[in-house]
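This is what each chain is made of:
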Amino acid sequence: MNKLHIKKNDTVIVLAGEDKGKTGKVLKVLVDKQRAIVEGVNMVSKSTKPSAKNPQGGIVKQEASIHISNLSLIDPKSGKATRIAIKMNDEGKKVRIAKKSGEEIK
């Protein structure tokens, strides 16, 4: 299983596809498929049967997954897309660093 540069709750920007340029928060990361679900990005219409939660049924809009290669983290300092580096901090713990500004990504 590979390590990915994107984690849940990261703010990302879409680099390619229909939603290019949109930003959003990562809701879920599917590590085995190398995909992520991003809030408000790659919306699809899905038909649902009536249930207790949705007694009417019908068509529901929801986010579909997008490949990790089409996403880039947003630099906390500049607000633009950045690559990341993994370095050790003072306590000897691995942290993600934005390549553009050198800021630590929380």
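Description of the structure in this document. What you are looking at is a predicted structure, and each value in this text was computed from that prediction instead of being measured.

## Description of the overall build of the protein chain
At step 1: What the protein chain contains, in helices and strands, is zero helices and 11 strands.
At step 2: Along the protein chain, from the amino end to the carboxyl end, the secondary structure elements read β-β-β-β-β-β-β-β-β-β-β.
At step 3: Here the C-alpha atoms of the protein chain give a radius of gyration of 17 Å, more than 25% beyond the 13 Å that 2.2 N^0.38 yields for 106 residues.
At step 4: Principal-axis analysis of the C-alpha atoms gives the protein chain an extent of 55 × 25 × 20 Å.
At step 5: Counting every position in the protein chain, which comprises 106 residues, the buried fraction comes to 28%.
At step 6: Considering only contacts within the protein chain whose residues lie at least 6 apart along the sequence, 39% involve residues at least 24 apart.
At step 7: Here the protein chain displays about 7600 Å² of accessible surface, and carbon together with sulfur accounts for 50% of that area.
At step 8: Side chains of the protein chain give 23 positive and 11 negative charges; the mean places of these two sets differ by 5 Å.

## Quick notes on the layout of surface pockets
At step 1: Taken as a whole, the largest pocket holds about 350 Å³ of empty space.
At step 2: If you trace the largest pocket, you find 14 residues lining it, with Lys3, Leu4, Lys7, Ile86 and Arg96 closest to the centre.
At step 3: Counting only elements with at least two residues in the lining of the largest pocket, the list comes to strand 10 (94–98) and strand 11 (104–105).
At step 4: The dominant element in the lining of the largest pocket, judged by the number of residues it contributes, is strand 10, at three residues.
At step 5: Composition of the lining of the largest pocket by domain shows at least three residues from each of domain 1 (1–73) and domain 2 (75–105).

## Some remarks on a positive patch on the surface
At step 1: The grouping of Lys3, Lys7, Lys93 and Lys94 at the surface amounts to a positive patch.
At step 2: Locating Lys3 in the fold gives a position in the segment before strand 1 (11–14).
At step 3: Residue Lys3 is classed as exposed on the basis of its relative accessible area of 82%.

## Focus on the nonpolar core
At step 1: Ranked by internal contacts, the top residues of the largest apolar core, which has 15 residues, are Ile6, Val12, Val26, Val38, Ile66, Leu71 and Leu73.
At step 2: At the level of elements, strand 1, strand 3 (35–38) and strand 7 (71–74) are the ones that each hand at least two residues to this core.
At step 3: Beyond its immediate sequence surroundings of up to four residues, Ile66 is in contact with Val14, Arg35, Ala36, Val38, Val41, Asn42 and Leu71.

## Topic: the sheet that holds strand 11
Adjacent strands of a sheet pair through backbone hydrogen bonds, lying either parallel or antiparallel.
At step 1: One open sheet holds the three strands; their spatial order is 9-10-11, and the pairing between them is antiparallel. Single-partner strands in this sheet number two, and they are strand 9 (84–88) and strand 11.
At step 2: With five bridges connecting them, strand 9 and strand 10 associate as antiparallel partners. Bridge pairing in strand 10 links Met88 to Lys94.

Each value, and the rule that gives it
- Residues numbered from 1 in each chain as written.
- Predicted model: local features only at pLDDT ≥ 70, side-chain atom pairs only at ≥ 80, totals over all residues.
- Heavy atoms only, no water.
- Helix = DSSP H or I, 4+ residues; strand = E, 2+ residues; numbered from the N terminus.
- Rg over C-alpha atoms; globule rule 2.2 N^0.38 Å.
- Buried < 20%, exposed > 50% of the residue type's maximum accessible area, 1.4 Å probe, protein only.
- Contact = heavy atoms within 4.5 Å.
- Areas by Shrake-Rupley, 256 points an atom, 1.4 Å probe, with all protein chains shown as cover.
- Lys, Arg positive; Asp, Glu negative; His and termini not counted.
- Charge placed at Lys NZ, Arg CZ, Asp CG, Glu CD.
- 1 Å grid on protein atoms, 1.4 Å probe; cavity = no way out; pocket = protein on both sides within 12 Å on 5 of 7 lines; lining within 4 Å.
- Points joined across faces, edges and corners; volume = space filled by probe spheres on them.
- Domains from an automatic or database assignment.
- Patch = residues over 30% accessible without salt bridge, like charges linked within 9 Å, V, L, I, M, F, W, Y side chains within 5 Å.
- Salt bridge = Lys/Arg side-chain N within 4 Å of Asp/Glu carboxyl O.
- Core = buried A, V, L, I, M, F, W, Y, C linked by side-chain atoms within 4.5 Å.
- Pairing = 2+ DSSP bridges.

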